[in-house]
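Listed here are the chains, written in short residue letters.
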Amino acid sequence: MTISCDICVIGSGAIGKASALALAKAGFQVALVAPSLPAQSMAPLTDWDVRVFALNHVARTLLSSLKVWEAMDPTRIAAVDAMAIHGDAATRTGELGFDAYGARVDALAWIVEDANLNHALDAALRFATGVKLVQGAAVQMQRDADRAAVTLDSGQVIDCSLLIGADGAHSWVRTQADIGMDYRSYGQRAVVANFACERPHHGVASQWFLGADGIVALLPLPGERVSLVWSAPEPLAESLLREPPERLCARLQQLPGQALGEFTLLPPAVPQAFPLRLIRSTSLVADRVALLGDAAHVVHPMAGQGMNLGFADIDALLAALAQREHAADCGDTRTLARYARSRKEEVLLMQVATDGLHRLFSSELEPIKALRNLGMTAVDRLPFLKRRLMAHAFGRSLSSPTGEKS
Ligand SMILES: Cc1cc2nc3c(=O)[nH]c(=O)nc-3n(C[C@H](O)[C@H](O)[C@H](O)COP(=O)(O)OP(=O)(O)OC[C@H]3O[C@@H](n4cnc5c(N)ncnc54)[C@H](O)[C@@H]3O)c2cc1C
């Protein structure tokens, strides 16, 4: 049997699900291809999910418009009121801070568990009109000037005007559409785990640049809990995964300037790890194809921006579709080109910034170490530059005391 629709989304990560909901809300008939369908009834969330994301204002606004943000369990979301970034200088240079008060926003970002987000997305999909959930994996793609079609492993065919690849870093759609990519491994893995801490974090997300030992981020969770993302070189990541929990807790307790006291690993008391890499697609579009989320770009998680970029992709695609000429269908070449153009600058900026910071902070050369720490202190003292950085990182135009937008 063939399913005909306007748009077929391949990939059921958060970006695939959110894009299907958003496109259906915009009036398109959408098929969402997922390796497994969401369960009909959801088990309540219990343990704290070790996969958490710092979502920015762009993500929140989009998810709110889909009624997904409000459907998440609010008791499991922590607002980030401030960020404290520590360099690796022996002296007090190399400190950088941001706060919501200074930025005149209610929060810089929100820490959301993957399970909380996906529960809410799945619930929205169950009630969405205009989204057909199709179980399977895409195995074959065909395109001509007017249509695209994918065949699933079940033999089912989906015929559409636009095919969306939201199928993650190893995107099948990207390969089938002959879109090239640059791939570079960072030789690091992100080790993630959750902890109870002795003293309150006051909504502060802290980050330590530790030179050869990588980057440690402690993100606030509700209550006296924090979520660890340690971007560690391979051998250290291996040790962090193998060593007893007390040793990992002791390492966090020894971080310079940390004010949270003692740490206890929360269940499931097994840290997880994710390989870190930079992936640049040579294009975000091809004939009748658009890439979204990690299928389009993968960045180092130090700035907590990968998924936020994906939500901004969805916004940009919706805008390009809304501007298309009257007679054009949703896979029209000019519409896709407009989408690709509108994402070029932000994606490139984030790739260059995170990759550059990674190089800068992994150098062990003393002059570079001194310069990077001085640079952090200098940025801390330059309100205009700080505001520009915040606007990019937190996805919001922030107004200055004079009302000027940065
Ligand atoms: C340690 C770590 C911390 C991070 N922290 C943050 C953060 O704080 N903030 C932030 O914004 N981002 C963060 N990120 C980035 C974020 O995790 C990713 O950008 C995001 O999960 C990408 O979502 P996605 O939906 O594009 O891809 P994925 O989540 O990879 O989903 C892809 C989906 O496609 C499916 N699929 C694959 N192939 C096929 C096929 N042939 N047919 C059908 N389906 C297929 C897969 O099963 C999967 O469901 C972090 C990343 C890491 C590693």
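**Structural notes on the packing of aromatic side chains**
- Taken as a whole and assessed by the stated rule, the structure comprises two aromatic pairs.
- Each ring, one from Trp69 and one from Trp110, has its centre 5.7 Å from the other, and the planes form 75°; the classification is edge-to-face. A residue pair is termed long-range when its members are at least 10 positions apart, and Trp69 in the loop between α2 (57-65) and β5 (78-80) and Trp110 in strand β8 (residues 109-113) qualify at 41 residues.
- Its relative accessible area of 6% is what places Trp110 among the buried residues.
- Lying over the aromatic face of Trp48, Arg76 brings its terminal NZ or CZ to 4.4 Å of the ring centre.

**Quick notes on the layout of surface pockets**
- As a volume, the second largest pocket reaches approximately 290 Å³.
- Lining the second largest pocket are 14 residues, and of these Ser281, Thr282, Ser283, Leu284 and Lys344 lie nearest its centre.
- Elements with a minimum of two residues in the lining of the second largest pocket: β19 (272-281) and α9 (333-362).
- Ranked by residue count, the leading element in the lining of the second largest pocket is α9, at seven residues.
- The residue makeup of the lining of the second largest pocket, split by class, is five nonpolar, four polar and five charged.

**Examining the site of the ligand**
- Near the ligand you find 29 residues, and of these Ala54, Asp294, Gly304, Met307 and Asn308 are the closest.
- Gly13 places a polar main-chain atom, nitrogen or oxygen, 3.5 Å from an oxygen atom of the ligand.
- Contact between the ligand and Gly306: a nitrogen atom at 3.3 Å from a main-chain N or O atom of the residue.
- Those elements that provide at least two residues to the shell around the ligand are α1 (14-25), β4 (52-55) and α8 (306-322).
- Across the shell around the ligand, the residue classes break down as 16 nonpolar, 10 polar and three charged.

**Focus on unusual backbone geometry**
- Geometrically, the link from Pro267 to Pro268 is a cis peptide bond, its omega value of -5° lying close to zero.
- Located in the positive-phi region is Asp178, a residue other than glycine, with phi close to 60°.
- Its place among the elements puts Asp178 in the loop between α5 (172-176) and β14 (181-197).
- The class of Asp178 is exposed, set by a relative accessible area of 70%.
- We note that Arg288 has phi near 65°; this positive angle belongs to a residue other than glycine.
- Within the secondary structure, Arg288 sits in the loop between β20 (285-286) and β21 (289-291).
- Taking the relative accessible area as the measure of exposure, Arg288 reaches 7% and is therefore buried.

**A closer look at the pattern of salt bridges**
- Tallied over the full model, the rule gives 11 salt bridges.
- Its salt-bridge partner being Lys17, residue Asp122 comes within 2.8 Å of it at the nearest N-O pair. Of this pair, Asp122 sits in helix α4 (residues 114-127) while Lys17 is found in helix α1, placing the two residues 105 residues apart along the sequence.
- Linking Arg251 and Glu243 is a salt bridge whose minimum nitrogen-to-oxygen distance equals 2.8 Å.
- Counted as one network, the salt bridges with shared partners bring together Arg189, Glu234, Glu238 and Arg242.

**So, the nonpolar core**
- In this structure, Ile158 and Phe311 are the most contacted members of the largest nonpolar core, which totals 73 residues.
- It is α1 that provides the largest number of residues to this core, a total of eight residues.
- Ile111, Ala205, Ile215 and Val229 belong to the second-largest nonpolar core, a separate cluster that totals 30 residues.

Basis of the calculations
- Residues numbered from 1 in each chain as written.
- Predicted model: local features only at pLDDT ≥ 70, side-chain atom pairs only at ≥ 80, totals over all residues.
- Heavy atoms only, no water.
- Phe/Tyr/Trp six-rings, centres within 6.5 Å; stacked < 30°, edge-to-face > 60°.
- Helix = DSSP H or I, 4+ residues; strand = E, 2+ residues; numbered from the N terminus.
- Buried < 20%, exposed > 50% of the residue type's maximum accessible area, 1.4 Å probe, protein only.
- Lys NZ or Arg CZ within 6 Å of the ring centre and 35° of its normal.
- 1 Å grid on protein atoms, 1.4 Å probe; cavity = no way out; pocket = protein on both sides within 12 Å on 5 of 7 lines; lining within 4 Å.
- Points joined across faces, edges and corners; volume = space filled by probe spheres on them.
- Nonpolar A, V, L, I, M, F, W, Y, C, P; charged D, E, K, R; others polar.
- Near = heavy atom within 4 Å.
- Polar contact = N/O pair within 3.5 Å; in protein donor to acceptor, adjacent residues only side chain to side chain.
- Salt bridge = Lys/Arg side-chain N within 4 Å of Asp/Glu carboxyl O.
- Core = buried A, V, L, I, M, F, W, Y, C linked by side-chain atoms within 4.5 Å.

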